[in-house]
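The residues making up each chain are set out below.
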Amino acid sequence: MRITVLGSGAGGGFPQWNCNCRNCAGVRDGSVRAKPRTQSSLFVRPHEGADGVLFNASPDVLEQVRSCAALQPARRLRDTAIAAVVLVDGQVDHATGLLMLRERTSPLPVWCTEAVAADLDSGLPVFGVLRHYCGVDPHAIPLDGASFTLPAVPDLTLRALPVAGKAAPYSPHRREGAPGDNIGVTITDRRRGTSAFYAPGLMEVSPPVFDAMHGADAVLVDGTFWTDDEMIRLGLSRHRARDMGHLALSGRGGMIEWLARLPPRTRRCLIHVNNTNPILDEDSPERAALAQAGIEVCEDGMEIVL
Ligand code: MLT
Ligand code: MN
Ligand code: ZN
């Protein structure tokens, strides 16, 4: 399978439009060596030239489609290589791009959990809006560990894992949370037997999450924040990474420690990187520490072939 990282940034992207933190100001004026990033999305297809699955529909999806020729195969007057969309949560950075796909000529197949579908019919009524355009062909993602396939991309098998996280702020069940507010997905190439585990939002590496990571040839996991109090220290938020549903990379029990426990051959990739994260600075000691640990930082346009 071929995984294309369409957007490697977290909500807001990098640089964020209204932010003048060291990274954002530095990438704008050239004083920080870093690459701009659009918001969180992957395109996965069984092989080059095949139609594939859009994992998360970022508000930057139109820019992402324009910069990735594979997404527009131009076989007919109206065409797309996006056969279906899978959502891992109902957050703005993952769901609002659905609205940008409204010119589609048939209902858009969208796979998400029932908890996310409920949010997209209420707090952020994207599904209701889309019904006035191409329409939505909704499918519930099973949370019982059952594998499922998308009819249009039969060579990929998917398996969802509910993960600890947060419902979106506008979710009617934000406070209590619901199973399936956040999922990780194992994507398997049925013919080759290779697999990737994708989880851009992970508050905790529970035993089932670690098992899924351990069993994959590549992991693309939450690289949002370097420290739990990153936004607080910068004076940008009152919330810790945990409060936002993200496990920090550094420190005891952080993502770097978990990644060190994976088999040596596993490709370790960080995704959904927030604009404040020092790993975006390619000359930073934090980035050097990742390189030392064999951990890659996803960039827009990066391809992983498994
Ligand atoms: C998150 O994952 O925490 C979101 O990216 C936050 C946001 O989009 O505002
Ligand atoms: Mn996000
Ligand atoms: Zn910033």
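First things first, this report covers the structure right here in the doc. Because the structure is a prediction, the values reported are computed rather than measured. (Residues numbered from 1 in each chain as written. Chains lettered and ligands numbered in written order. Predicted model: local features only at pLDDT ≥ 70, side-chain atom pairs only at ≥ 80, totals over all residues. Heavy atoms only, no water.)

1. Some thoughts on the coordination of the zinc ion (ligand 3)
Next, step 1: Around the zinc ion (ligand 3), the protein contributes the donor atoms Cys 19 (SG), Cys 21 (SG), Cys 24 (SG) and Asn 275 (OD1), which lie 2.2 to 2.4 Å from the metal centre.
Next, step 2: Donor residues for the zinc ion (ligand 3) sit on one chain with the sequence pattern C-x1-C-x2-C-x250-N. In this pair, Cys 19 is assigned in the loop between β1 (2–7) and α1 (22–29) and Asn 275 in the loop between β12 (267–271) and α9 (285–292), connecting sequence segments 256 residues apart. With respect to burial, Cys 19 and Asn 275 carry one shared label: buried. (Donors = N, O, S within 2.8 Å, 3.2 Å for Na, K, Ca; no water. Helix = DSSP H or I, 4+ residues; strand = E, 2+ residues; numbered from the N terminus. Buried < 20%, exposed > 50% of the residue type's maximum accessible area, 1.4 Å probe, protein only.)

2. Description of unusual backbone geometry
Next, step 1: The amide bond that connects Phe 14 to the next residue, Pro 15, takes the cis arrangement and shows omega of -5°.
Next, step 2: By the element assignment, Pro 15 lies in the loop between β1 and α1.
Next, step 3: In the Ramachandran plot, Ala 74 falls in the positive-phi region, its phi being about 55° despite a non-glycine side chain.
Next, step 4: By secondary structure assignment, the location of Ala 74 is in the loop between α2 (61–66) and β4 (82–86).

3. Structural notes on the packing of aromatic side chains
Next, step 1: Applying the stated criterion to the full structure yields three aromatic pairs.
Next, step 2: For the pair Phe 55 and Tyr 198, a centre-to-centre distance of 6.0 Å together with 80° between the ring planes defines the contact as edge-to-face. Placement of the pair is Phe 55 in strand β3 (residues 52–55) and Tyr 198 in strand β10 (residues 195–199), with a sequence separation of 143 residues.
Next, step 3: According to the relative accessible area criterion, Phe 55 is buried, its value standing at 0%.
Next, step 4: Accessibility expressed as a relative area gives 0% for Tyr 198, which makes it buried.
Next, step 5: Centre to centre, the rings of Trp 111 and Phe 148 are 5.5 Å apart; their planes meet at 15°, and the pair counts as stacked. Pair noted here: Trp 111 is in strand β5 (residues 108–112) and Phe 148 is in strand β7 (residues 147–150), with a separation of 37 residues, a long-range link. Exposure class is identical for Trp 111 and Phe 148. Each is buried.
Next, step 6: Against the face of Tyr 133 rests Arg 102, its NZ or CZ located 5.8 Å from the ring centre.
Next, step 7: Sitting over the face of the ring of Trp 258, Arg 261 holds its NZ or CZ atom 4.6 Å from the ring centroid. (Phe/Tyr/Trp six-rings, centres within 6.5 Å; stacked < 30°, edge-to-face > 60°. Lys NZ or Arg CZ within 6 Å of the ring centre and 35° of its normal.)

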